[in-house]
Amino acid sequence: MKPLRTLPVLPALLLAAFASADPPVSLYLAGDSTIAQKLVTRRPETGWGEMLQQYFDIDRVRVQNHARNGRSTRTFLSEGRWRAIVDALRPGDYVFIQFGHNDGSADKMDRYTPPADYRANLARFVAEVRAKQANPVLMTPVMRRRFDENGVFYDAHGEYPDIVRSVAAELRVPLIDMHRSSERVLREYGAERSRRLFLHLAPGENANYPQGLEDNTHFSPAGAEVMAGLAVEGIRQSVPALAAHLAQPGPVQRPAAIVDASHGGAGGDRIDGVPAYRTISAAVSAAPAEGTEPYVIRVRGGRYREKLSIDKPNVHLVGDGRDATLLTYDVAAGHRGPGGAPYGTRGSWTLRIAAPGFRLEGMTVENAFDYMANAARPDSDSAKLRGTQAVAVMLDEGSDRAVFRDCRLSGHQDTLFPNAGRSYFHRCEILGSVDFIFGAGRAVFEECDIVSRDRGSATNNGYVTAPSTPIAQPYGFVFVRSRLRKETPEMAPGSVTLGRPWHPSGRPDAIGSAVFIDTWMDDHVGATGWSPMTSTNAAGERVEHQPRDARFFEYGTTGPGAVPSPSRRVLTAEQAAEYTIVRVLDGWDPRP
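About the criteria used
- Residues numbered from 1 in each chain as written.
- Predicted model: local features only at pLDDT ≥ 70, side-chain atom pairs only at ≥ 80, totals over all residues.
- Heavy atoms only, no water.
- Pairing = 2+ DSSP bridges.
- Helix = DSSP H or I, 4+ residues; strand = E, 2+ residues; numbered from the N terminus.
- Salt bridge = Lys/Arg side-chain N within 4 Å of Asp/Glu carboxyl O.
- Buried < 20%, exposed > 50% of the residue type's maximum accessible area, 1.4 Å probe, protein only.
- Axes fitted to C-alpha atoms, helices over the stretch in contact; angles between N-to-C directions.
- Parallel < 35°, antiparallel > 145°, perpendicular 65-115°, else oblique.
- Left-handed = near helix turned anticlockwise from the far one by under 90°.
- Contact = heavy atoms within 4.5 Å.
- Nonpolar A, V, L, I, M, F, W, Y, C, P; charged D, E, K, R; others polar.
- pLDDT = per-residue confidence, 0-100.
- Disulfide = S-S within 2.5 Å.
- Expected span 1.5 Å × (residues − 1).
- Core = buried A, V, L, I, M, F, W, Y, C linked by side-chain atoms within 4.5 Å.
- Polar contact = N/O pair within 3.5 Å; in protein donor to acceptor, adjacent residues only side chain to side chain.
- Phe/Tyr/Trp six-rings, centres within 6.5 Å; stacked < 30°, edge-to-face > 60°.
- Lys NZ or Arg CZ within 6 Å of the ring centre and 35° of its normal.

Our next topic: the sheet that holds strand S4 (residues 135-139). Pairing is parallel across the open sheet formed by five strands, whose spatial order is S2-S1-S3-S4-S5. In this open sheet, the two strands that pair with only one neighbour each are strand S2 (61-65) and strand S5 (175-176). Across two bridges, S4 lies against S5 in parallel orientation. Note that in S5 the partner of Leu138 across the bridge is Leu175.

Laid out in structure tokens, this is it:
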């Protein structure tokens, strides 16, 4: 909160615990459809840029993919996409620049860029990146698949690749020659085998392309993997400072399984030696029951409607990005399950974790129950559901050391239920309205966006947390360098509180703990800070529990919602120093 600036400087212990030694380097990708992150409606089309993050430790290098389908250097500038990269650059960042496919399309005047303008645009890109003390890297365009009637490969890019090479030489810019390396691959694969690198689909094979497709420009997931590998080869040869950040000395380790909603074969059929499945559940079923090593499942971009329970240890789900890979289900507590009984809160999950060593990365998990549509029904409507709790992710008994990175967890009431074990959330986005982070577990949220959804109320749009931390457990939920955001600009100021104390079944030993450290808060957070909560005890009596009796604190919070108030208790610097990540997580450090 703002007045805390008068307190002593935070001790070195806490600074060391919550600050990385070096902030991650950002690697920006500027380019066209051969690189870009794809929409679900275009899958299995895949840009090679989607595959690049897996080569880097995300805590050291973060890939920021700004490439878009159909863009040339000219349109990338005119649409403001280049400016967005330049404005975000920090000293030491990298920008990979690969255009040419659309610049050279003389038959498409909405994107065509004459060679002289193409050269000038590349030079401008280099100059503006260097002006921000960042590092430009030029890349020649990747090859299209072109074979004549005799199966002889030929190029269709004209002079554009040579212009890139010339600009790189003149301005002394590192060059990754994807044009020549991808030509080598296509020649090695030959006319027939190279088809699998591109988007070749039979009629009826994929719902996005019911008539089938013969596309020799855009990549299949396998083709994108190959091209990303060529980019990494180029990094090793031409960008040694960035190569030092590569997570592995060679190509990335293959996943144990691949999930692709468009997979046309039988479950377990191998693609390039790796078993492939259409559903995440099927891939998890194939994991060892007592695996001691990470069982990595690559989940390709797509929409997976599954109610997924994981009770095997060390399962890792790695998606193609939170905007590309979606796990969704849509039941709430009041819905009835297959046996006829209501699901209840504890059964309403989309994803349930009941084993140690779980990891989720680059995915969205949502509970798609339509809370707002249900709320709009009149109370007299028999279709109106009374049990509106709808969990997206539940960490159940058996879960421990669960890691969530670069994920989105979305719901309304009771989105995230870390009820057991230890969990760590890093650079995640968590959306909800009522008690949307609740439970009895230990959890750290570092550099996360916690987004309150607008219920349309002028006074009450919900509560961020509802911890039920056991009294013998010293820590519950700790938010570090995170942001409390609101879903819409119109959301009523002061209509959300930071949390309320949950006493399941009135349990007196549930003394909730939620602490916000160095966290920014928008104005939807009100001066009251915390709310009371009622429960029914074993005797059937309604009891109101006050936030002052819980372990609710702040330290160093800022922003319009960091309002000084007697009801918002503040830690001293010495007290805040006790909230290190390792201490909160009882000796476990999830960051290496």
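Let's pick the thread back up.
Turning to the pattern of salt bridges, a few remarks are in order. One pass over the structure, following the stated rule, counts 42 salt bridges. Here Asp177 and Arg165 are joined by a salt bridge, their closest N and O atoms 2.8 Å apart. Of this pair, Asp177 sits in the loop between S5 and helix H6 (178-193) while Arg165 sits in helix H5 (residues 160-171), and the two are twelve residues apart along the sequence. Classification of Arg165 by relative accessible area gives buried; the value is 14%. Bridged by salt links that share partners, the residues Arg408, Glu429, Asp449, Arg483 and Arg485 form one connected network.

Another aspect to go through is the packing of helix H3 (residues 81-88) against helix H4 (residues 115-131). At a closest axis distance of 9 Å, the pairing of H3 and H4 adopts a crossing angle of 20 degrees. As far as their axial angle goes, H4 and H3 are roughly parallel. The element H3 and its partner H4 pack so that their crossing is right-handed. For the pair formed by H3 and H4, the contact residues are Trp82, Arg83 and Val86 on the first element and Phe125, Glu128 and Val129 on the second.

Further remarks concern the sheet that holds strand S32 (residues 513-517). Backbone-to-backbone hydrogen bonds join strands into a sheet, with any given pair of strands oriented parallel or antiparallel. Across the sheet, which stays open at both edges, the twelve strands sit in the order S9-S10-S8-S11-S14-S17-S20-S23-S26-S29-S32-S36 with mixed pairing between neighbours. Two strands lie at the open edges of the sheet, namely strand S9 (270-271) and strand S36 (551-555), each paired on one side alone. Taken together, the five bridges between strand S23 (residues 422-426) and strand S26 (residues 442-446) define a ladder with parallel strand orientation. Note that in S26 the partner of Ser423 across the bridge is Ala443.

Here the focus is the packing of H6 against helix H7 (residues 221-238). Packed helix pairs are characterised by how far apart their axes lie and by the angle those axes make with each other. Packing of H6 against H7 brings their axes to within 10 Å, and their N-to-C directions diverge by 135 degrees. With respect to H7, the axis of H6 lies oblique. Taken as a pair, H6 and H7 cross one another with a handedness that is right-handed. Contacts between H6 and H7 involve Met178, Ser181, Ser182, Arg184, Val185 and Tyr189 on the former and, on the latter, Val226, Met227, Leu230, Ala231 and Glu233. Along the lines of polarity and charge, the residues of the contact of H6 with H7 split into seven nonpolar, two polar and two charged.

This brings us to the confidence of the model for the protein chain. On average, residues of the protein chain score 91 in pLDDT, and 95% of them are at 70 or above. Within the model, pLDDT remains below 50 along residues 1-20, and this stretch shows 48 contacts once partners closer than five positions in the same chain are excluded.

The subject of this paragraph is the state of the cysteines. Evaluation of the coordinates by the stated rule reveals zero disulfides. Cysteine Cys407 remains unbridged, with the sulfur of Cys428 as its closest cysteine sulfur at 4.6 Å. With relative accessibility at 0%, the residue Cys407 sits in the buried group. Cys428 supplies the cysteine sulfur nearest to Cys448, a cysteine that is in no disulfide, at a spacing of 4.8 Å. Judged by relative accessible area, Cys448 falls into the buried class, the value being 1%.

With that settled, the discussion passes to H7. Residue pairs three or four apart in sequence face the same way in an α-helix, which turns once every 3.6 residues. In a regular helix each residue adds 1.5 Å, so 18 residues correspond to 26 Å; H7 covers 26 Å between its end C-alpha atoms and thus fits that length. Listed in full, the buried residues belonging to H7 are Pro221, Ala222, Gly223, Ala224, Met227, Ala228, Gly229, Leu230, Ala231, Val232, Gly234 and Ile235. Those residues of H7 that are buried lie in contact with strand S3 (94-98), S4, S5, H6, strand S7 (213-219) and helix H8 (240-243).

A separate point is the nonpolar core. Membership of the largest hydrophobic core comes to 53 residues, with the highest contact counts inside it found for Ile280, Ile297, Leu317, Phe425 and Phe445. Here Phe445 is in contact with Leu416, Phe425, Ile430, Ile437, Phe477, Val478, Phe479, Val480 and Ser482, once residues within four sequence places are set aside. Grouped together as the second largest cluster of nonpolar side chains are 40 residues, Tyr94, Phe147, Met227 and Leu242 included.

Looking now at the side chain of Asp449. You can see Asp449 is positioned in strand S27 (residues 449-452). Exposure remark for Asp449: the relative accessible area of 16% places this residue in the buried category. Among the polar contacts made by the side chain of Asp449, one reaches the side chain of Arg483 at a distance of 2.9 Å. One polar contact links Asp449 to Arg485, side chain to side chain, over a distance of 3.2 Å. The residues contacting Asp449, other than those within four sequence positions of it, are Cys428, Glu429, Ile430, Arg483 and Arg485.

The next subject is the packing of aromatic side chains. A complete count under the given rule lists 18 aromatic pairs for this structure. An aromatic cluster of three or more residues is present, and its members are Phe358, Phe404, Phe425, Phe445, Phe477, Phe479, Phe516, Trp530 and Phe552. The ring of Tyr329 is capped by Arg305, whose NZ or CZ atom sits 4.4 Å from the centre of that ring. The lysine or arginine in question, Arg500, covers the ring of Tyr463, its NZ or CZ lying 3.9 Å from the ring centre.

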